[in-house]
Amino acid sequence: MKALIAHNVDLKTSFCAIRFISSLISLQTPSKTSANFYTTFDPYEFLSESAKSRNYTLQETKIIHTHLLKSNFLYSNLEFSNLLLRNYCKACDFEYALKVFDEIPQPDISSWNLVITCQNQSSKYADSWETFCRLHSSGLVLNEFTYGHALSACVALNFVKGGKLLYSLALKHGFSLDGYVRSGMIDLFLKSCSFDNALRVFNDESCGNVVCWNAIISGAIKHNEDRVGLKLFRQMCHGLPSPNRFTFPSVFGSCAKLQEFELGRVVHGLAVKYGEQEDVVVGTAIVDFYAKCGHVTEAIKKFSRMPTRNVVSWTAIITGFVKKGDFQSALRLFKEMMTLNQEINTYTVTSVLSACADPLLCKEAFQIHCWVYKTGLYSDPTVKNSLINLYSKIGAIKLSEQVFEDMNNLMNSSTYATMITAFCQDGGALEKAFSLLKILFREGLTPDVSCIPSLLSAINLLEIGEQIHCYMLKTGVLSNHLVSCSLFTMYSKCGCLNESYEIFNQIPDKDNVSWASMISGFTEHGYAYCAIELIREMLLVKNIVFDETTLTAFLAACSSLRFLKTGKEIHGFFIRQQDNMSVYGGSSMVNMYSRCDDLKSAKKVFNLMPFKDQTSCSSLVSGYAQNGYVKEALDLFRELISSGLEVDSFTISSVLGAVGDLNRSDVGIGVEIGIQLHARIVKLGFESTASVGSSLVMMYSKYGDLDDCLKGFNQINEPDVISWTTMINSYAKHGKGLEALRVFELMKKSGTEPDSVTFVGVLTACSHSGLVNEGYSYLKSMVKDYGIEPGQRHYACMVDVLGRSGRLQEAERFIRNMPIEPGSLVWGTLLAACKVHADVEIGKIAAEKFIELEPSSDGGYVALSNICADVGQWEQVVKIRNEMKGTGIKKQPGWSYI
């Protein structure tokens, strides 16, 4: 470009001018329309307002340019030059526009503004800034359009420093309050992620420009300052200017994000009031708002009344149905779109594909896959990512891999992240996930943030989790809420609660998911008291959304501690948070009340639930069963089966436990019901699972049917420690000590490590079979081989081993040499052995210790009294009975089933 300083150029001798004229003359002969464009050329005709507002084609502009050159009018009046500049810009021929500007002898401010606009439109923002700098150096007086155009270049370049200099000049020359300048500065600060500065510019003076209001409201919402954006919208509605069709979409989006349904309805009313609801963009925003808030009926009502619908409108309503879980309606709408020949884009397809992520919709998924392939959308990476995700969710991981391999050179970080996530969700393909992660690193790509939570959720090895943590620190992705939440959840899962809590505290603005995850981590690892304290802390935090996730975490902590009062308080708090009277989080409530033994409240909440799910039914069945309400548990279990809801292993185990605990008068009925349940279990295919198999073994053990116990145990595919322990205890309690020990040896050979409960069963087997030496050996093995410190029950079993063998003095020495203080259970066991063997001396010692530890129990007095009576020491019997009366202890009357 030539120097932009005023200069005198002889147009007749200017080489550039001659070359420019010759290029115009060399144009082809104009078409008939162009030939008749002007019969007699009057240049001043083009300076009228109507002519200036007209959009000339490029060919028409060149014809005008030729006439102006021939008639020597072009540089006689600047308005002609500016006219050509403006028309070339409108016709998008920026090269000719700049050539015209180069030939202007003394360009005015309008000329400069036009050339800056031209450079902005051709995306030459650096040239635009350079032109402004030359203009500023020329000494011409700048106007608001100059500052506005230059600010647009700064916004595109994200040149904050230049923008601040421009705004300072505008402030100095009195243009800072101009709407164009002000909105440009707001946009610049918003683009540079400096919302506070943008808000400061907006608040400098009262503003009546709707563009500025729209810019700051939209910017607040985009920067997650939704409350500020909604507050500004309220201020806008109470003054000037009025909101327009560009204002409402952002506000509806904010209401949807915050789930402010009532406020959104008010905004809908304002859109109607200002006559903007008929606009397709505003109408789409309304549909999207209702859909995201879960009110799909209102969304479809608005959608059906829209005079004009675009692809975004259709996608919004389809997404609403997908979010609600009404996949059939989503697919019907998609079919209607195709019937009406509506435009379908990648967003529509990805939404429909997510609706097909259900094993029952495999046929529809394959059909849409074929349609996508036919229409050419299959080449889009986003669509392929959705297909990978779809097939992984319906369990067809091989098809996911096939789609991934089809991508060839289209693979990016997002694609790798989708495939890695699919492998992690598959469960058995964790090695493939890490192999793919290594390939991603080798190709120089950075893992997408979305795949890191999937990797962390699948990890159960602390060493690998720490490596990913190091990578996160190195790349700075730890600031992402989802990533940091997944990280401390991983540490919780690996039992490192200190590290988990430390990362949790480092999150600056914790959302409800972060709080709920940390609370759940404490609860699941036995620190429910810490979870309760964290709940109290969370309730004091402002702007936290309390949803079903947080409710479930809260109630799980209360259930773990059996804190019924706190659970009721939380129930009341969440009822006050509701917008309607429906039961909120019914399943969690039923589970909490059931585990806290308040079955009346559990049943009441259950009856109020409009839709009973498998979780709530299972919780109530288990509550009835564990509290001895066998009839109610069985009735609800039958109702659960007849309603077609899925039955899980936990529910079946609870019912089996209740049937096993039936009173002895109902043994026949219990066995019959147990056999029926066993048949149902086989039909459902649960007999091979460890939890249900263990419950079957225990039920048959309670009825004394050891043959069926063994059959139930043998049906288990992979017995766990509970299964083995249940079988050992079954044999031990029925006097089959040797068989119990044989099962224990088989357990060790299988590679299953015993726990403390297993050794209680083993020592019980030794006592029932008189295996004293074996008992000592197993007690030592606990510490030596498995690192399990014996507890009161183990020592009591060993005392029982010695007591049943008549070695009472050795049992007393054993107790006195115990590494821990013997409790009432240990002394009570010795006391019972003394009664069997009529040993008064040791019995007195054991009784004294027992009474000392359990002063309110009648067991010690009665046992010692019976020992003395057996050996004929009636005076001692009377003395002991008098001591009982003196202490106010009464003997509990005996009772019998017969």
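Residues numbered from 1 in each chain as written. Predicted model: local features only at pLDDT ≥ 70, side-chain atom pairs only at ≥ 80, totals over all residues. Heavy atoms only, no water.

S.K.: Please clarify how the overall build of the protein should be interpreted in this entry.
M.R.: The secondary structure content of the protein amounts to 52 helices and 0 strands. Evaluated residue by residue, the protein yields a buried proportion of 48% over its 898 residues. Pairs at least 24 apart in sequence give 60% of the contacts found in the protein among residues at least 6 apart. (Helix = DSSP H or I, 4+ residues; strand = E, 2+ residues; numbered from the N terminus. Buried < 20%, exposed > 50% of the residue type's maximum accessible area, 1.4 Å probe, protein only. Contact = heavy atoms within 4.5 Å.)

S.K.: Quick question: what am I supposed to make of the pattern of salt bridges here?
M.R.: Across all of its chains, the model carries 18 salt bridges by this definition. Measuring nitrogen to oxygen at the nearest pair gives 3.2 Å for the salt bridge that ties Asp 226 to Lys 257. In this pair, Asp 226 is assigned in helix α14 (residues 226-237) and Lys 257 in helix α15 (residues 248-258), connecting sequence segments 31 residues apart. We classify Asp 226 as buried; its relative accessible area is 5%. Among the salt bridges present, the one from Arg 816 reaches Glu 812, with a minimum N-O distance of 3.1 Å. Here Glu 812 and Arg 816 lie together in helix α48 (residues 808-816), a separation of 4 residues that amounts to about one turn. Note on Glu 812: relative accessible area 15%, which makes it buried. One connected set of salt bridges, linked through shared partners, spans Lys 631, Asp 635 and Arg 638. (Salt bridge = Lys/Arg side-chain N within 4 Å of Asp/Glu carboxyl O.)

S.K.: How should the state of the cysteines be read in this particular structure?
M.R.: Put plainly, two cysteines are in a disulfide when a covalent bond ties their sulfur atoms together. Within this structure, the stated rule accounts for 0 disulfides. As a non-bridged cysteine, Cys 356 has Cys 362 as the owner of its nearest cysteine sulfur, 9.3 Å distant. Among the residues examined, Cys 356 registers a relative accessible area of 0% and is labelled buried. (Disulfide = S-S within 2.5 Å.)

S.K.: Sorry, what's going on with the side chain of Thr 758 here?
M.R.: For Thr 758, the position within the fold is in helix α45 (residues 756-769). Within the local environment of Thr 758, its side chain forms a polar contact with the side chain of Thr 725, the two groups lying 2.7 Å apart. Filtering out sequence-adjacent residues up to four positions away, Thr 758 remains in contact with Val 721, Thr 725, Ile 728, Phe 744 and Met 747. (Polar contact = N/O pair within 3.5 Å; in protein donor to acceptor, adjacent residues only side chain to side chain.)

S.K.: What is the right way to look at the packing of aromatic side chains in this model?
M.R.: Centre-to-centre distance and the angle between the planes together describe a pair of aromatic rings. The full count for this structure, using the stated rule, is 29 aromatic pairs. The interplanar angle of 70° and the centroid separation of 5.0 Å between the aromatic rings of Phe 713 and Trp 724 together place this pair among those described as edge-to-face. Taken together, the positions of Phe 713 in helix α42 (residues 706-714) and Trp 724 in helix α43 (residues 721-733) put the pair 11 residues apart, joining distant regions of the chain. Accessibility classification places Phe 713 together with Trp 724 in one group, the buried group. Note on Tyr 795 and Phe 814: the rings are 5.9 Å apart at their centroids and 50° apart in plane angle, and the pair reads as tilted. You can see Tyr 795 sitting in helix α47 (residues 792-804) and its partner Phe 814 sitting in helix α48, a full 19 residues away along the chain. One cation-aromatic arrangement involves Arg 309 over Phe 303; the distance from NZ or CZ to the ring centre is 4.5 Å. It is Lys 510 that lies over the ring of Phe 504; its NZ or CZ is 5.2 Å from the centre. (Phe/Tyr/Trp six-rings, centres within 6.5 Å; stacked < 30°, edge-to-face > 60°. Lys NZ or Arg CZ within 6 Å of the ring centre and 35° of its normal.)

S.K.: What should I look at first to understand the packing of α14 against α15 in this one?
M.R.: Helix-helix packing is described using two parameters, namely the angle between the two axes and the distance between the axes. Contact geometry of α14 with α15 gives a least axis separation of 10 Å together with a crossing angle of 135°. Judged by the inter-axis angle, α14 sits oblique to α15. Between α14 and α15 the crossing geometry is left-handed. Where α14 abuts α15, its residues Asp 226, Arg 227, Leu 230 and Phe 233 lie against Phe 248, Val 251, Ser 254, Cys 255, Lys 257 and Leu 258. Partitioning the contact of α14 with α15 into residue classes produces 6 nonpolar, 1 polar and 3 charged. (Axes fitted to C-alpha atoms, helices over the stretch in contact; angles between N-to-C directions. Parallel < 35°, antiparallel > 145°, perpendicular 65-115°, else oblique. Left-handed = near helix turned anticlockwise from the far one by under 90°. Nonpolar A, V, L, I, M, F, W, Y, C, P; charged D, E, K, R; others polar.)

S.K.: How should I be thinking about the environment of Gly 294 in this particular structure?
M.R.: Its location among the elements puts Gly 294 in the loop between α17 (280-292) and α18 (296-305). For Gly 294, a relative accessible area of 47% translates into the label partly exposed. Residues Gly 294 and Gly 320 lie 26 residues apart in sequence; the distance between their C-alpha atoms is 7.2 Å.

S.K.: Which parts of the structure should I look at to understand the confidence of the model for the protein?
M.R.: Low pLDDT means the predicted atomic positions in that stretch should not be read closely. Mean pLDDT for the protein: 80, with 86% of residues reaching 70 or above. Below pLDDT 50 for its whole length, residues 1-38 participates in 55 contacts with residues either more than four positions away or in separate chains. In the model, residues 894-898 has pLDDT below 50 throughout and makes 2 contacts with residues more than four positions away in sequence or in other chains. (pLDDT = per-residue confidence, 0-100.)

S.K.: Looking at this structure, I do not really get helix α16 (residues 261-273). What am I missing?
M.R.: Because each turn of an α-helix spans 3.6 residues, side chains separated by three or four positions end up pointing in the same direction. Taking 1.5 Å as the rise per residue, α16 with 13 residues should run 18 Å; its terminal C-alpha atoms sit 19 Å apart, in good agreement. Against the buried residues of α16 lie α14, α15 and α17. Just downstream of α16 lies Gly 275, where phi reads positive at about 70°. (Expected span 1.5 Å × (residues − 1).)

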